[in-house]
Amino acid sequence: MPTPRKNQKQIAQRYAGNRRYFKNLHPFRRARLLLAFACVLIGVVGAVIYLKSGQKSHRAEAFNSSGGISQYHSRIAQDCKQCHDPAVKIDLLKPAVMNASIDAKCEVCHVQHTFHNPNTVVGLSCIDCHHEHLGTGRMQVVKDGNCLTCHGNATIMQASAQKGLGLPPTEFQVKPADNGLVYFQPPRPAQGYTQVFQSFAGKHPDFQIQRDKLTDPNTLKFDHKVHLTAKDIPMVDGKKLDCAYCHKPDSRGAYMQSISFAKNCQACHSLQIDPTLADFQIPHPTGDSQINSVRDFLLTLPVQYATYATEKKGLTNSTQIAAFVNDRMTAIRQRIRQGADLEKDVFFADARNVYLGGAAPTTPGERALFPGCAYCHEVKPSATSEPLVTKPVTPDRWFVHARFDHAAHITMKCEACHGQVVTSEKTSEINLPDKASCVTCHSPKGGVVSTCATCHDYHNKAAPDSKVASDSALRQMMLGQP
Amino acid sequence: MIVDRTHVRWGIGTLIASIGVALVYLANNDPELLRKWHLDFPLPAWLGPVPPLRGNVGATPLGLIYGTAGLLIFIFAALLGWRRSKKTLPLGRIQIWLKAHIWLTLFSIPLVAFHCGFHGGGPMPQFLLWLYAFIMVSGFWGLALQHVIPKLMQEYLPEEVIFEEIPYIRGQLLAQGAAIREDIANLPNESIPRADEHGGGAATLAAVSPGAIKAAIEFIDGDALPYLKARGSRHSALGKRQTSDSQFRLLKLQLPPNIQPLVEQLQDICDEKRRLDLQTRLHYWLHGWLIVHAPASLLLVVLTIVHAIVAAYIYA
């Protein structure tokens, strides 16, 4: 460092004529002060203008937005009032908690939503789970944390169970969508669905069907084992009977179509009651209006033969028609002594050993004739009227609290999840996979997503309804909407 | 402010506080991660559900706490300029304020990051973040310069003057240069120069040719006085030491020895002017960042307050 040629006193003497220099700001300091003042002024003025115009100008509102609006709400992204109530004014002493007003705005469009179960003890707002202002892409999916706030908290679950005990069971009844589908209605556990857990692979309860050993209440007699493994089951359409013959996916592929006699059974299970006339068949009632059609058919058997002779055989001569009817009725009378016996055979026969008007087939592959209602149905005798055939009710949806998508599992074979069907002999056995089967894949170890939202909806009081969803998708496609 | 050993406690304190707020943030927002690290701990119930129900971290109780702490640090940092202008107030030593300014603003980085949940948000929050980033970068830049520039000034400016006096001293130098010019111009031809009053040493008896005086006057009028008058003049030949020395050496070769003391005086004046220019330049480097850092900081404080009001009371 060079040595100064002047000492500080000599240097200070240079200031002799300007010792009050600090009274006047140096241009550099003055510029800094002016800029600082300008910045504060700009900030304050900008804030005042913004707050004054915030209620009128969308741009001013959008400027302060905490983020972009998701694509689903993009049509209202520029109109803040669609969600934020403009009636709320600045009140520094009374912060405005706007959740309630925003919820009301949500429900203007999302009218179909109901809010979880009536035993909920934590009041949640729409925006607690559905977060907006997080970007213009897809809306963020609901995180498990939102669900586990309650379902992972023992205190909340206990309170929820207590609240549920004081509510009538009808409050919890799942109201099926009006779509003609049949929903399996499991009984609600005494404590409700309040088991505390943190993950699906962890302590998520076993499915209620297996846990409570629930049975299918359907009275239809069906043996999966026989249909899938018995050797004397005839080929259908040239193929061996398999799952896919009866269980066909619906339009979305998520669920299976309803099973019906006409579509799935009649090809093998004939209604033919006259062995000489293949197309002379007993009616199979399909609705409440046809409940008496079998007995009516039997009571008017000569008329039915006459109608058959006219319509199917093309007979027009009354003598020929009478001869045909007489011939067929004689054949029946050879086996059946009186009308009551005929009715008993038709309703109560439960094996292929009753063949009206003829002998049993001897060839194994020959189509069976009508074996009697009780072969498949529950038939109860009635002293005053015709025997009562219990209407079979086959559920279309088994998990009313969860969703399932068969299409998403299309790469798997049926038996991978429903392997027990090959040993299932009774209709009462519900051949659905258990939780452990799902956890094989749907777990961190299995590597497949296992979030709550994978299977459950928070707003799931109405049971899953693929028909509504497909209609909605179709409507969107037609309207060109995203 | 030089960051030296006296800052060690501040640094450790800031590091510990940063780790603390990070752990609390994770305990509140991602407890699973802490469980994996065996670091999970319960949070008080008034912090709300864990993890928070709201997607916007800034609106959660913990986010609001972090945001408020960040705003208070901004306000404190912005008060430094006021504190420096009120040196006599009994509010703690300015050195302590400077250290707190550096380390608390550093601590504000995790607070801001956790407040916004690593999410930019809309235009206003994004603008605030960019402004904050700009202020932090300019602050780091200023801190780095303060470690370099003072050493340069010690090395190159042994006779540093009060910065605000520089224009006044420059005026003095210009007046001295003009006086030397008059002295030279008034020298009688072929005469013996009188002993000057500028401390140029003993008078020398020698004849002065008119041509030499003319050359000296031309140099003074054309180069020296404009250089002394100008504020910076880095592009002048006299603005650089090597070229300045060459110029004066050439001039002195043209002049008889009896005038050379006057020229040497003039050279000293130009050298001092050059040192003043260097001091001015280094001063601008040392403090120039403040011209954007300080106003931007005030703007950040104002807009952050507006952001807090708007977020809390309008779009809660």
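Residues numbered from 1 in each chain as written. Chains lettered and ligands numbered in written order. Predicted model: local features only at pLDDT ≥ 70, side-chain atom pairs only at ≥ 80, totals over all residues.

### Section: helix α1 (residues 8–29) of chain B
Between its first and last C-alpha atoms α1 of chain B spans 31 Å; for 22 residues at 1.5 Å apiece the expected length is 32 Å, and the two agree. Buried residues along α1 of chain B sit in contact with α2 (31–36), α3 (61–78) and α5 (94–115) of chain B. (Helix = DSSP H or I, 4+ residues; strand = E, 2+ residues; numbered from the N terminus. Expected span 1.5 Å × (residues − 1). Contact = placed C-beta atoms within 7 Å.)

### Re unusual backbone geometry
For Asp 237 of chain A, which is not glycine, the phi torsion reads 55° and is therefore positive. Relative to the helices and strands, Asp 237 of chain A is located in the loop between α9 (224–229) and α10 (243–246). Given 7 C-beta atoms within 10 Å, Asp 237 of chain A falls into the exposed group. Even without glycine at this site, Phe 118 of chain B takes up a positive phi of about 55°. Position of Phe 118 of chain B relative to the elements: it lies in the loop between α5 and α6 (123–156). (Buried ≥ 20, exposed ≤ 12 C-beta atoms within 10 Å, placed from the backbone.)

### Regarding the confidence of the model for chain A
Parts of the prediction with low pLDDT should not have their coordinates interpreted in detail. All names here are of chain A. Per-residue pLDDT for chain A averages 79, and the proportion of residues at 70 or more is 81%. When the elements of chain A are averaged for pLDDT, helix α19 (residues 466–479) gives the smallest value, 40, and helix α17 (residues 435–439) the largest, 93. Contacts from residues 90–97, a stretch scored under 50 in pLDDT, to residues over four places away or in other chains number twelve contacts. Throughout residues 364–368 the model reports pLDDT below 50, and contacts reaching past four residues in sequence, or to other chains, amount to eight contacts. (pLDDT = per-residue confidence, 0-100.)

### Observations regarding helix α7 (residues 166–185) of chain B
Residues and elements named next belong to chain B. For α7, spanning 20 residues, the distance from its first C-alpha to its last is 28 Å, which sits close to the expected 28 Å at 1.5 Å a residue. For α7, the set of buried residues is Leu 173, Gly 177, Ile 180 and Ile 184. Take α7 and look down its axis: the buried residues cluster within an arc of 60°, on one side only. Summarising the geometry of α7, the exposed residues directed more than 90 degrees from the buried face are Ala 175 and Glu 182. (Arc of directions from axis to C-beta.)

### Considering the nonpolar core
Counting residues in hydrophobic clusters, the biggest one holds 35 residues, and the most contacted among them are Phe 74, Leu 298 and Leu 300 of chain B. Taken together, the elements giving at least two residues each to this core come down to α2 (27–53) of chain A together with α1, α3, α5, α6 and α11 (290–314) of chain B. Residues in contact with Phe 74 of chain B, not counting those within four places in the same chain, are Leu 300, Val 301 and Thr 304 of chain B. Counting residues in hydrophobic clusters, the runner-up holds 20 residues, among them Phe 248, Leu 262, Val 263 and Cys 270 of chain B. (Core = buried A, V, L, I, M, F, W, Y, C linked by C-beta atoms within 7 Å.)

### Examining the confidence of the model for chain B
All names here are of chain B. On average, residues of chain B score 84 in pLDDT, and 90% of them are at 70 or above. Taken element by element, chain B is modelled with least confidence in α2, mean pLDDT 82, and with most confidence in α5, mean pLDDT 94. Scored below 50 in pLDDT, residues 191–206 shows 24 contacts in the model against residues more than four places distant or in partner chains. If you check the scores for this complex, the pTM reads 0.60 and the ipTM reads 0.73.

### Quick look at the packing of α6 of chain B against helix α10 (residues 260–288) of chain B
Helix packing for two helices is described by the angle between their axes and how far apart those axes are. Residues and elements named next belong to chain B. Across the interface, α6 lies against α10 with an axial gap of 9 Å and an inter-helix angle of 170°. If you check the angle between α6 and α10, you find them roughly antiparallel. On α10, the residues touching Leu 145, Gln 146, Ile 149, Leu 152, Met 153 and Tyr 156 of α6 are Leu 278, Leu 282, Trp 285 and Leu 286. The residue makeup of the contact of α6 with α10, split by class, is nine nonpolar, one polar and no charged. (Axes fitted to C-alpha atoms, helices over the stretch in contact; angles between N-to-C directions. Parallel < 35°, antiparallel > 145°, perpendicular 65-115°, else oblique. Nonpolar A, V, L, I, M, F, W, Y, C, P; charged D, E, K, R; others polar.)

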